[in-house]
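The residues making up each chain are set out below.
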Amino acid sequence: MRIRATVAVATGALALSALAVPATQAAPSGDRPGVPSYGSATHQDSAAAPKGKARAAAEAPVISKAVVNGGKPIVVGTTAVKKVSVAITASHPSGIADSDAIIWIGSSVDDPDSFGFGTTGPANCVAANATTSTCTQTIEVDPTWLINSDSRTWNVGVWVNSNDTYSAQNDKFGKTNLQRLSKLDVNAAPEPVKKGGTITITGKLSRANWETGTYKGYATQSVQLQFRKKTSTTYSTVKTVKTSTTGTLKTTSKATVDGYWRWNFGGTSTTPAVIPAGDFVDVK
């Protein structure tokens, strides 16, 4: 029986252009919008904190933390827009009123060759006390704007505004990783099989190709073959097999007892780990 599994992690984004992009093909990198404006550039009621020593209420807010997607990599497939939360914690004597954020890649936010995604709605700020709040927003990542080399580390830019309208902005406050969604299937045959006979285990490891809107085999990757007895709850690694140039997997093992066979891909910096459900083989 063929078993398929997909591991996904939520994400987020914004696209600032009305350019039409085919649903099954990414926009060429030269046609992409740049880094979206955010923070003071889009919030006209804020003011930068004065330089030098000033009264306490006029000091710049202090940004202490920004968590994107719960601290996990942002994993994006080929078609669906992924949403991810951004939580910014900051403090100011007057309290925190608002926030904004972007994720971006490139040399600077002003470089036209840089690219990014921004928030899609207002911030929801919840006060921990009179001076400190955590503000949450959503960023949406649209894969039609992505190219495969975008699966890397992105900058996280954050901005906060105090209740008395003084703001702080840091275009490189933190980092987050963008990954290409992976898929993996398994098939163990024949079913049933005689004790002592040969079981052939096959499968395929693939990942999102953002430039074509399809899933392409992930070549020459090490994948563990694992087995669990019918009476057990724990899988053990039998061997490690490398995928072919097209992402396929194939190996054999001797049939000894009833149990479940599966592949286990540990992931890479650009592609998340994935484990399909085990495929049961009855040994007669």
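Above this text is the structure in question.
In what follows, the accompanying structure is described.

What counts, and at which threshold
Residues numbered from 1 in each chain as written. Predicted model: local features only at pLDDT ≥ 70, side-chain atom pairs only at ≥ 80, totals over all residues. Heavy atoms only, no water. Helix = DSSP H or I, 4+ residues; strand = E, 2+ residues; numbered from the N terminus. Buried < 20%, exposed > 50% of the residue type's maximum accessible area, 1.4 Å probe, protein only. Areas by Shrake-Rupley, 256 points an atom, 1.4 Å probe, with all protein chains shown as cover. Core = buried A, V, L, I, M, F, W, Y, C linked by side-chain atoms within 4.5 Å. Pairing = 2+ DSSP bridges. Axes fitted to C-alpha atoms, helices over the stretch in contact; angles between N-to-C directions. Disulfide = S-S within 2.5 Å. Contact = heavy atoms within 4.5 Å. Salt bridge = Lys/Arg side-chain N within 4 Å of Asp/Glu carboxyl O.

### Side note on the overall build of the protein
Stage number 1. Of the regular secondary structure elements, the protein holds zero helices and 19 strands.
Stage number 2. Counting the 284 residues in the protein, one finds 45% classified as buried.
Stage number 3. Carbon and sulfur atoms make up 50% of the accessible area of the protein, which amounts to about 13300 Å² in all.

### Thoughts on the nonpolar core
Side chains that are nonpolar tend, in soluble globular proteins, to be buried together.
Stage number 1. In terms of nonpolar packing, the biggest core is built from 27 residues, with Ile74, Ile103, Phe117, Leu146 and Trp154 touching the most fellow members.
Stage number 2. Ranked by size, the runner-up nonpolar core spans 20 residues in total, among them Val186, Val193, Val241 and Phe265.

### Describing the sheet that holds strand β18 (residues 259-264)
Stage number 1. Ordered in space as β16-β15-β18-β19, the four strands form an open sheet in which the pairing is antiparallel. Of all strands in the sheet, those with a lone pairing partner are β16 (236-242) and β19 (279-281), marking the two edges. Shown here is a sheet whose adjacent strand axes are inclined to one another by a mean of 25°, direction ignored.
Stage number 2. By the bridge criterion, six bridges tie strand β15 (residues 222-229) to β18 in an arrangement that is antiparallel. Within β18, the position partnered with Leu225 by the bridge is Trp263.

### Some words on the state of the cysteines
Stage number 1. Taken as a whole and assessed by the stated rule, the structure comprises one disulfide.
Stage number 2. Between Cys125 and Cys135 runs a disulfide, and the two sulfur atoms are separated by 2.0 Å. One quick way to see it: the torsion about the S-S bond of Cys125 and Cys135 is about 110°, and its sign makes the bridge right-handed. Of this pair, Cys125 sits in strand β8 (residues 124-127) while Cys135 sits in strand β9 (residues 132-141), placing them 10 residues apart in sequence.

### Considering the environment of Pro192
Stage number 1. Relative to the elements of secondary structure, Pro192 occurs in the loop between β12 (182-189) and β13 (198-209).
Stage number 2. Classification of Pro192 by relative accessible area gives partly exposed; the value is 44%.
Stage number 3. Spatially, the C-alpha atom of Pro192 lies 9.9 Å from that of Ala255, the residues being 63 residues apart in sequence.
Stage number 4. Apart from the residues within four sequence positions on either side, Pro192 is in contact with Asp282 and Lys284.

### A look at the environment of Thr245
Stage number 1. Assignment of secondary structure puts Thr245 in the loop between β16 and β17 (248-254).
Stage number 2. Residue Thr245 is classed as exposed on the basis of its relative accessible area, which comes to 68%.

### Remarks on the pairing of β15
Within a regular strand, side chains alternate between the sheet's two faces.
Stage number 1. Across six bridges, the pairing between β15 and β16 is antiparallel. Each bridged residue has a counterpart across the sheet, and for Val223 the counterpart in β16 is Val241.
Stage number 2. Between the end of β15 and the start of β16, which pair antiparallel, lie six residues.

### Points about the pattern of salt bridges
Stage number 1. Within the structure shown, the criterion is met by three salt bridges.
Stage number 2. Here Lys83 makes a salt bridge to Glu140, at a shortest N to O gap of 3.8 Å. Remark: Glu140 occurs in strand β9 and Lys83 occurs in strand β5 (residues 82-91); sequence separation between them is 57 residues.
Stage number 3. A salt bridge links Asp282 to Lys284, with the nearest nitrogen and oxygen atoms 2.9 Å apart.

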